[in-house]
Amino acid sequence: MGKIKFNLNGKEINMFVDPSARLLDILREQYGLVGVKEGCGEGECGACAVLINEVIVNSCIVPMGTINNKSIVTIEGFSKTKRYDVIKEAFEDEGAVQCGFCTPGMIIASESLLNKNPHPTEEEIRIGLSGNLCRCTGYNMIIKAVKTASKKGEGLW
Amino acid sequence: MVKSFIPKTYKEALNLLAKNKLTIIAGGTDLMVKNKNISGLLPKFKKDLLFIAHLTELDYIKKEKDTIHIGANVTLEKILDSFHTHSLLKEALSIMASPAIRHIGTIGGNIANASPAGDTLPVLYVLNTKIVVKSLDSERTIPINDFIISSGKTILKENELISEIIIPDNKFDYEVFLKVGARQADAISKISFAAIANVSDSIVSDFRVTFGAVGPRIVREIEIENNIIGLTTNELNSRCKEICDSYKKFITPIDDQRSSAVYRKKVSLNLLEKYINSIK
Ligand SMILES: Cc1cc2nc3c(=O)[nH]c(=O)nc-3n(C[C@H](O)[C@H](O)[C@H](O)COP(=O)(O)OP(=O)(O)OC[C@H]3O[C@@H](n4cnc5c(N)ncnc54)[C@H](O)[C@@H]3O)c2cc1C
Ligand code: FES
Ligand code: FES
């Protein structure tokens, strides 16, 4: 066991935890943050994506021992921001959600991308979302939603 | 359950390595998948863990006179974004894994993992990269092709870690990196190919070729290269078939779920042929 200190959705956390434990399990089981989904459990699908120090990371392959002094934002924390409102509306308007399983991860990926590059080209959006799999939409609507968010959220990123 | 050490300093990490048998864990993107357990349970590590990703002493990119020095802990994304990074390495990184993996996966991890499909490796071999290996009381600097022995095996001793890599900062007349994979993101290479060449006054003055994912280790054949250096470009082009044939016995891919051996060998040699033909 070890003491790990981090910021979770704006709150300072100090916890005793096994440093090899997966961030995904801690978020879901200890903090009830079940918007963070488990798909593949191997870093390949992005369903478990969170922001660590503002960039997208897959929490299923992050051991707790690597997050000391970092800031973690899950979809629950991100949903309290204006940027989220813009992305969410764009996803709704473009029909980018079907079953919704990939959606939290897709929104985290969109935020990570727009934060670094507020006006991405279609190619850059595809690269930005390339680690996130969706089994329903065929991606085009999601790509369009990110374009729309980038336009409607002008100035937010 | 294994024990975990989270050292405060680099010095402390070297001390811990000197005294214990540990698995070094940096970003964890390879290790967490390899040691995956049932959801909710701890990963199945066998040895105690030494966490190093937070050690800022190993997180830097700096340019010196003719070399670029990259700390082992630098993430793949940071190297991709750096102004100092060699264009070939950028190409390899830009099509590697996905942003989420590149944000935490490190260069030290990609090298120590020593997968023949590791995407930075063909480029690091072709650029004559050196690996700096540290223990509490020693330091050695080793060319990457001596550092990696075979698939998953390096010359690292139990008390050692990679501290940095040194890449000569050269420009080349010809440089190529190509990866053949199934899906654009998160696709493990079926074949990767990196090559450079310099030509002055129609004489080939430098020629290096590497293949990844075509055998238990990255293929780079210095002897073949030395026989090519000094040829005129006309000679090089007319001997193309002979040169491709000389690589044949070193390209020993396997059949696996990603691809077949016959396909890998054929495509590898085609890439080489095309590359040689491009040198004028
Ligand atoms: C979904 C997914 C996609 C991927 N796609 C690719 C890809 O396209 N191409 C590719 O090449 N790889 C890929 N990888 C593999 C992996 O992300 C890379 O190899 C990465 O660079 C590993 O770095 P890490 O810091 O996460 O390593 P870790 O998992 O922390 O460690 C890997 C190995 O290196 C050792 N190690 C780490 N740092 C040091 C050090 N400083 N000194 C000594 N030993 C050390 C560890 O002990 C371990 O044996 C992928 C992985 C995943 C999960
Ligand atoms: S569950 Fe983490 S990437 Fe698939
Ligand atoms: S909406 Fe169902 S997986 Fe994407």
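My aim in this report is to walk through the structure given alongside it, one point at a time. Please read all numbers here as calculations on a predicted model, not as lab measurements.

## Focus: the site of ligand 1
(1) Moving on: Near ligand 1 you find 34 residues, and of these I24, T29, D30, T106 and D119 of chain B are the closest.
(2) Moving on: The residues that come close to ligand 1 belong to more than one chain, namely chains A and B.
(3) Moving on: Interatomic distance of 2.8 Å between a backbone N/O atom of G28 of chain B and an oxygen atom of ligand 1.
(4) Moving on: K179 of chain B is positioned such that a nitrogen or oxygen atom in its side chain is 3.3 Å from an oxygen atom of ligand 1.
(5) Moving on: Isolated, ligand 1 exposes 990 Å² of accessible area, and the fraction of that covered by the protein chains is 92%.

## Considering the pattern of salt bridges
Close approach of charged atoms allows side chains of opposite charge to pair.
(1) Moving on: Under the defined criterion, the tally for this structure stands at 24 salt bridges over all chains.
(2) Moving on: When the shortest N-O distance is used, the salt bridge between R126 of chain A and E122 of chain A registers 3.0 Å. With R126 of chain A and E122 of chain A both in helix α5 (residues 122–128) and four residues apart, this pair spans about one turn of that helix.
(3) Moving on: Given the relative accessible area of 35%, E122 of chain A is considered partly exposed.
(4) Moving on: The salt bridge partner of D245 of chain B is K248 of chain B, with a shortest N-O separation of 3.3 Å. Taken as a pair, D245 of chain B and K248 of chain B lie in helix α11 (residues 240–248) at a separation of three residues, close to a single helical turn.
(5) Moving on: Via salt bridges that share partners, K116 of chain A together with E77, D81 and R102 of chain B belong to a single interconnected network.

## Considering the side chain of T129 of chain B
All names here are of chain B.
(1) Moving on: Position of T129 relative to the elements: it lies in the loop between α7 (121–126) and β6 (130–135).
(2) Moving on: Among the polar contacts made by the side chain of T129, one reaches the main-chain carbonyl oxygen of L124 at a distance of 2.8 Å.
(3) Moving on: In this structure T129 touches L124, I142, P143, I144, I165, I166, I167 and P168, once residues within four positions along its chain are discounted.

## Examining the sheet that holds β6 of chain B
All names here are of chain B.
(1) Moving on: If you walk across this open sheet you meet the five strands as β4-β5-β10-β6-β7, and the pairing is antiparallel. With one partner strand each, in any of the chains shown, β4 (61–63) and β7 (138–143) form the two edges of the open sheet. On average, each strand axis in the sheet is tilted by 20° relative to the strand beside it, whichever way the strands run.
(2) Moving on: In this sheet, strand β10 (residues 161–168) lies alongside β6 in antiparallel orientation, the contact comprising five bridges. When the sheet's bridge partners are listed, V133 is paired in β10 with I162.

## As for the sheet that holds strand β2 (residues 11–17) of chain A
Two pairing modes exist for strands in a sheet, parallel and antiparallel, and in both the strands are linked by backbone hydrogen bonds.
Residue and element names in this part refer to chain A.
(1) Moving on: Ordered by their spatial adjacency, five strands build an open sheet running β2-β1-β5-β3-β4, and the pairing between neighbours is mixed. Here the strands that pair on one side only, and so sit at the sheet edges, are β2 and β4 (55–58). Between one strand axis and the next, the sheet turns by 40° as a mean value, whatever way the strands run.
(2) Moving on: The pairing of strand β3 (residues 49–52) with strand β5 (residues 71–73) spans two bridges and is antiparallel. Note that in β5 the partner of L51 across the bridge is V73.

## Structural notes on the packing of helix α4 (residues 103–116) of chain A against helix α6 (residues 140–152) of chain A
Residues and elements named next belong to chain A.
(1) Moving on: At a minimum axis distance of 11 Å, the contact between α4 and α6 shows a crossing angle of 45°. Judged by the inter-axis angle, α4 sits oblique to α6. In the packing of α4 onto α6, the handedness of the crossing is right-handed. Facing α4, whose interface residues are M106, S110, L113 and L114, α6 presents I142, V146, A149 and S150.
(2) Moving on: Looking at the contact of α4 with α6, its residues break down into six nonpolar, two polar and no charged.

## So, the environment of G43 of chain A
Residue and element names in this part refer to chain A.
(1) Moving on: Tracing the sequence through the fold places G43 in the loop between α1 (23–30) and β3.
(2) Moving on: A relative accessible area of 3% places G43 in the buried class.
(3) Moving on: Note: C-alpha distance between G43 and P118 (75 residues apart in sequence) is 25 Å.

## With respect to the pairing of β4 of chain A
The two faces of a sheet get side chains in turn, since along a regular strand they alternate between them.
Residue and element names in this part refer to chain A.
(1) Moving on: Of the pairings in the sheet, the one linking β3 to β4 comprises four bridges and is antiparallel in character. Bridged to A49 within β4 is N58.
(2) Moving on: The hairpin turn running from β3 into β4, its antiparallel successor, is two residues long, and N53 in that turn takes a positive phi close to 45°.

What counts, and where the lines are drawn
- Every chain's residues receive numbers from 1 upward, in the order its sequence appears when written.
- Going through the entries in the order they are written, you letter the chains from A and number the ligands from 1.
- Given that the model is predicted, a residue must reach a pLDDT of at least 70 before its local features are reported, and side-chain atom pairs must reach 80 or more before they are shown or counted; all residues, however, enter totals for whole chains, interfaces and linings.
- Side-chain measures here rest on the full set of heavy atoms in the structure, leaving out hydrogens and waters.
- For each residue, the test is whether any non-hydrogen atom lies within 4 Å of the molecule or strand; if one does, the residue is near.
- The definition of a polar contact used here is a pair of N or O atoms within 3.5 Å, where within protein one atom must be able to donate a hydrogen and the other to accept one, and adjacent residues in sequence count solely through side-chain atom pairs.
- In this description, accessible areas are obtained by the Shrake-Rupley approach with a 1.4 Å probe, and a residue is regarded as covered only by the protein chains that are shown.
- When a carboxyl oxygen of Asp or Glu lies within 4 Å of a side-chain nitrogen of Lys or Arg, that pair is called a salt bridge.
- Secondary structure elements follow DSSP: runs of H or I of four or more residues count as helices, runs of E of two or more count as strands, with numbering from the N terminus.
- Think of it in three bands: residues with accessible area under 20% of the maximum for their type are buried, residues over 50% are exposed, and the middle band is partly exposed, with areas taken using a 1.4 Å probe on protein chains only.
- Contacts are residue-level and defined by heavy atoms, with any inter-residue pair within 4.5 Å sufficient.
- Strand pairing is assigned whenever DSSP detects at least two bridges linking the two strands.
- To get an axis, fit a line to the C-alpha atoms, keeping to the stretch in contact for a helix; angles then go from 0 to 180 degrees between the N-to-C directions.
- Throughout this description, any angle smaller than 35 degrees is read as roughly parallel, any larger than 145 degrees as roughly antiparallel, any in the 65 to 115 degree range as roughly perpendicular, and the remainder as oblique.
- The sense of a crossing depends on the near helix, which, turned anticlockwise from the far helix by less than a right angle, makes the crossing left-handed and, turned clockwise, makes it right-handed.
- Classification convention: Asp, Glu, Lys, Arg as charged; Ala, Val, Leu, Ile, Met, Phe, Trp, Tyr, Cys, Pro as nonpolar; all other residues, Gly among them, as polar.

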